[in-house]
Amino acid sequence: MENQRADMIESYEVTAVLSVEVRDADVLERAYRLAVAARPSAIDTPSFNLEPENGLKTWLYEAAIKDAARRARLATAAAGSRLGGVKVIDPSGGVCQTQVLAGWPSYAG
């Protein structure tokens, strides 16, 4: 590789990667328009990842638990039974692990 003077280079290519994290969905369109307004010669398809804030995650979790309890009450009433106390709430959705913790009959012994 030889060292060439800047005034001797005939052409060049530059690649710049721009990554923007937008935390307010209301300004997402504006951020995208500004990136495109820079007039890049090529642009990849943008990717989006919406991550809800912790307050919203907590509200969603509580709403899911309330809905699960409501459905459990309806199911037990329809079966002519009654609903007992909660044994395990597994927010990870790991059904097999929850079954082990709750003493699922197939894991007895």
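Residues numbered from 1 in each chain as written. Predicted model: local features only at pLDDT ≥ 70, side-chain atom pairs only at ≥ 80, totals over all residues. Heavy atoms only, no water.

(A) A look at the overall build of the protein chain. Scanning the protein chain from N- to C-terminus turns up three helices and zero strands. Each helix (α) and strand (β) of the protein chain, taken in turn from the N terminus, gives the series α-α-α. Expressed as a percentage of its 109 residues, the buried residues of the protein chain come to 3%. Summed over its atoms, the accessible surface of the protein chain is roughly 10700 Å², and 55% of this surface lies on carbon and sulfur atoms. (Helix = DSSP H or I, 4+ residues; strand = E, 2+ residues; numbered from the N terminus. Buried < 20%, exposed > 50% of the residue type's maximum accessible area, 1.4 Å probe, protein only. Areas by Shrake-Rupley, 256 points an atom, 1.4 Å probe, with all protein chains shown as cover.)

(B) Expanded view of a nonpolar patch on the surface. A grouping of Tyr61, Ile65, Val86 and Ile89 is seen on the molecular surface, where their side chains present a nonpolar patch of about 370 Å² in accessible area. Its place among the elements puts Ile65 in helix α2 (residues 54-78). Judged by relative accessible area, which is 31%, Ile65 ranks as partly exposed. (Patch = residues over 30% accessible without salt bridge, like charges linked within 9 Å, V, L, I, M, F, W, Y side chains within 5 Å. Salt bridge = Lys/Arg side-chain N within 4 Å of Asp/Glu carboxyl O.)

(C) Looking closely at the confidence of the model for the protein chain. Taken over all residues, the pLDDT of the protein chain has a mean of 78, while the share at 70 or more is 77%. The secondary-structure element of the protein chain with the lowest mean pLDDT is helix α3 (residues 95-101), recorded at 54, while α2 shows the highest, at 92. (pLDDT = per-residue confidence, 0-100.)

(D) Focus on the pattern of salt bridges. Using the criterion set out here, one finds four salt bridges in the structure. Among the salt bridges present, the one from Arg70 reaches Asp67, with a minimum N-O distance of 2.8 Å. One end of the pair is Arg70 and the other is Asp67, both in helix α2 and three residues apart, which spans about a single turn. Among the salt bridges present, the one from Arg71 reaches Asp67, with a minimum N-O distance of 2.9 Å. Residue Arg71 and its partner Asp67 are both found in helix α2; the two are separated by four residues, about one turn of the helix. The exposure class of Asp67 is partly exposed, given its relative accessible area of 29%.

(E) Spatial organisation of the environment of Ser19. Tracing the backbone through its elements, the reader meets Ser19 in the segment before α1 (28-37). A relative accessible area of 68% means that Ser19 is categorised as exposed. Here the alpha-carbon distance between Ser19 and Pro46, two residues 27 residues apart in the chain, equals 9.7 Å.

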